[in-house]
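# Close look at the chain arrangement
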Amino acid sequence: MLKKLLVLFLVIASAASSYAQQFKVLLFTKTAGFHHTSIHEGVSGIRNLAARHNFTVDWQENASVFNEKQLKNYDAVIFLNTTGDILNAEQQTAFEKFIQSGKGWVGIHAAADTEYEWPWYTKMAGMMFKIHPEQQTAYLDVVNSNFPGMERFPKRMLWTDEWYEYQKPYKSDDLKFLIGVDEKSYDPKASWGTDNKSVGMGDFHPIAWYHNYDGGRAFYTGLGHIGLVYSDQTFLDHLYGGIYWAATGKGVK
């Protein structure tokens, strides 16, 4: 009798724990190019967000998880500093179907340095990495605060990161920009050989945005190169807002 009661208690406890979770996300960190040392700090930061906000996160670096059966378990997929060609054709198709089913994607920093030859992905990301100067301190300017997680951001704040410049033209023309970086507050010039030079993006340099895409949702932030940002509350609020919206579609009026 005691054994049966114990089993029943464990079943109830497990069900209660499962019910308490708002949603479930897949955290993907595979790299086929540059490997950011901040990935592990990012994983820890997102796990802390999951504990704080009652959602489930599964961390994977093996792309075999990108199949229709397994992806059905998730509400959103996070690409944390992924780089290069990380999914094969079959896995790409499974991920496309995942987004088309109404699910979400969150891209962090080098997610824009990923899958350049996959047009569907580049349109989802919205903009793709071109070059960056040395890490510097610059001013961030909020251009749209009507998005989850933007509540803690002042209209203008000082921030240190690796400032990605993105390719032009943009891959999507429906992006809703959240944050820009003021190029007058740092030196945007960079030179990577004769074929890749830059003096900046011009009047407006976006660094975070979102849009509805192919039946689902996509959020991207270019912040997140330096490991310590994953313990910065302002950044964590920003990141959770993107995860929350991508997973649920809620929070935007």
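Relevant structure appears above.
Sequence positions are assigned chain by chain, starting from 1 and proceeding in written order. It should be noted that, the model being predicted, local features are given only for residues of pLDDT at least 70 and side-chain atom pairs only at 80 or more, the latter also being counted only at that level, while totals for whole chains, interfaces and linings use all residues. The side-chain values count all of the structure's non-hydrogen atoms but skip hydrogen atoms and water molecules.

Broken down by element type, the protein chain carries six helices and 13 strands. For a compact globule the rule gives 2.2 Å times the number of residues to the power 0.38, and the radius of gyration it is set against comes from C-alpha atoms. Taken over the C-alpha trace, the protein chain has a radius of gyration of 19 Å; the compact-globule value for 253 residues is 18 Å, and the two agree within 12%. On the principal axes, the C-alpha backbone points of the protein chain span a range of 75 × 40 × 35 Å. Three labels apply to residues, based on accessible area from a 1.4 Å probe with only protein chains included: buried if under 20% of the type maximum, exposed if over 50%, partly exposed otherwise in between. Looking at the 253 residues of the protein chain, the share that counts as buried comes to 52%. A fraction of 77% describes how many contacts in the protein chain between residues 6 or more apart in sequence connect residues 24 or more apart. Taken as two groups, the 24 positive and 27 negative side-chain charges of the protein chain have centres that lie 9 Å from each other. For the purposes of this entry, the term helix denotes a DSSP run of H or I that reaches at least four residues, the term strand denotes a run of E that reaches at least two, and both are numbered from the N terminus. In this analysis, two residues are considered to be in contact whenever any of their non-hydrogen atoms come within 4.5 Å of each other. Counting rule applied: Lys, Arg positive; Asp, Glu negative; His and chain ends not counted. Where a charge sits is defined by one atom per residue type, namely NZ (Lys), CZ (Arg), CG (Asp) or CD (Glu).

Time to look at helix 4 (residues 89-100). A helix is expected to span 1.5 Å multiplied by its residue count minus one. Across its 12 residues, helix 4 extends 17 Å between first and last C-alpha, which sits within 8% of the 16 Å expected from 1.5 Å per residue. When helix 4 is considered as a whole, its buried residues turn out to be Gln-91, Gln-92, Ala-94, Phe-95, Phe-98 and Ile-99. Buried residues of helix 4, viewed axially, fall in a sector of 160°; they line one side. Of the exposed residues in helix 4, the ones pointing more than 90 degrees away from its buried face are Ala-89 and Glu-90. The reported arc concerns the directions from the helix axis to the C-beta atoms and nothing else.

Here strand 12 (residues 206-213) lies mainly inside the structure; seven of its eight residues are buried. By this definition, two strands are paired if DSSP reports at least two bridges between them. Looking at chain direction, strand 9 (residues 176-182) and strand 12 are connected through four bridges and run antiparallel. Counterpart to Phe-177 in the pairing with strand 12 is Trp-209. Looking at chain direction, strand 12 and strand 13 (residues 216-221) are connected through six bridges and run antiparallel. In the sheet register, Tyr-213 faces strand 13, and the bridge partner there is Gly-216. Hairpin remark: strand 12 followed by strand 13, antiparallel, with two residues in the connecting loop; positive phi at Asp-214, about 50°.

Interaxial angle, 0 to 180 degrees, is taken between N-to-C directions of lines fitted to C-alpha atoms, where a helix line uses only the stretch in contact. Two numbers describe how helix 2 (residues 39-53) lies on helix 6 (residues 233-248): the axes approach to 11 Å, and their chain directions differ by 70°. In terms of orientation, helix 2 lies roughly perpendicular with respect to helix 6. Crossing of helix 2 against helix 6: the hand is right-handed. Between helix 2 and helix 6, the contacting residues are Gly-45, Ile-46, Leu-49 and His-53 on the first element and Leu-236, Leu-239, Tyr-240 and Ile-243 on the second. Taken together, the residues that form the contact of helix 2 with helix 6 break down as six nonpolar, two polar and no charged. Working definition: roughly parallel below 35 degrees, roughly antiparallel above 145 degrees, roughly perpendicular at 65 to 115 degrees, and oblique for all remaining angles. Less than a right angle of anticlockwise turn of the near helix away from the far helix marks a crossing as left-handed, whereas a clockwise turn marks it as right-handed. Three residue categories are used. Nonpolar comprises Ala, Val, Leu, Ile, Met, Phe, Trp, Tyr, Cys and Pro, charged comprises Asp, Glu, Lys and Arg, and polar comprises the others, including Gly.

This part takes up the nonpolar core. By size, the foremost hydrophobic cluster in this structure holds 78 residues, and its most contacted members are Phe-66, Phe-79, Phe-95, Trp-105, Tyr-121 and Leu-140. Counting residues per element, this core draws most heavily on helix 6, at eight residues. Note on terminology: a nonpolar core comprises buried Ala, Val, Leu, Ile, Met, Phe, Trp, Tyr and Cys residues joined through side-chain atoms within 4.5 Å.

A word on the pattern of salt bridges. Definition used for salt bridges: Asp or Glu carboxyl oxygen within 4 Å of a side-chain nitrogen of Lys or Arg. In the structure shown here, the tally under the stated rule is six salt bridges. In this structure, Lys-24 engages Asp-58 in a salt bridge whose closest nitrogen and oxygen atoms are separated by 3.7 Å. Highlighted residues: Lys-24 in strand 1 (residues 24-28) and Asp-58 in strand 2 (residues 56-60), separated in sequence by 34 residues. The partly exposed category is assigned to Lys-24, whose relative accessible area is 28%. Here Glu-68 and Lys-97 are joined by a salt bridge, their closest N and O atoms 3.1 Å apart. Of this pair, Glu-68 sits in helix 3 (residues 68-71) while Lys-97 sits in helix 4, and the two are 29 residues apart along the sequence. Taking the relative accessible area as the measure of exposure, Glu-68 reaches 41% and is therefore partly exposed. Exposure remark for Lys-97: the relative accessible area of 40% places this residue in the partly exposed category. One network of salt bridges, in which partners are shared, links Asp-141, Arg-156 and Asp-182.

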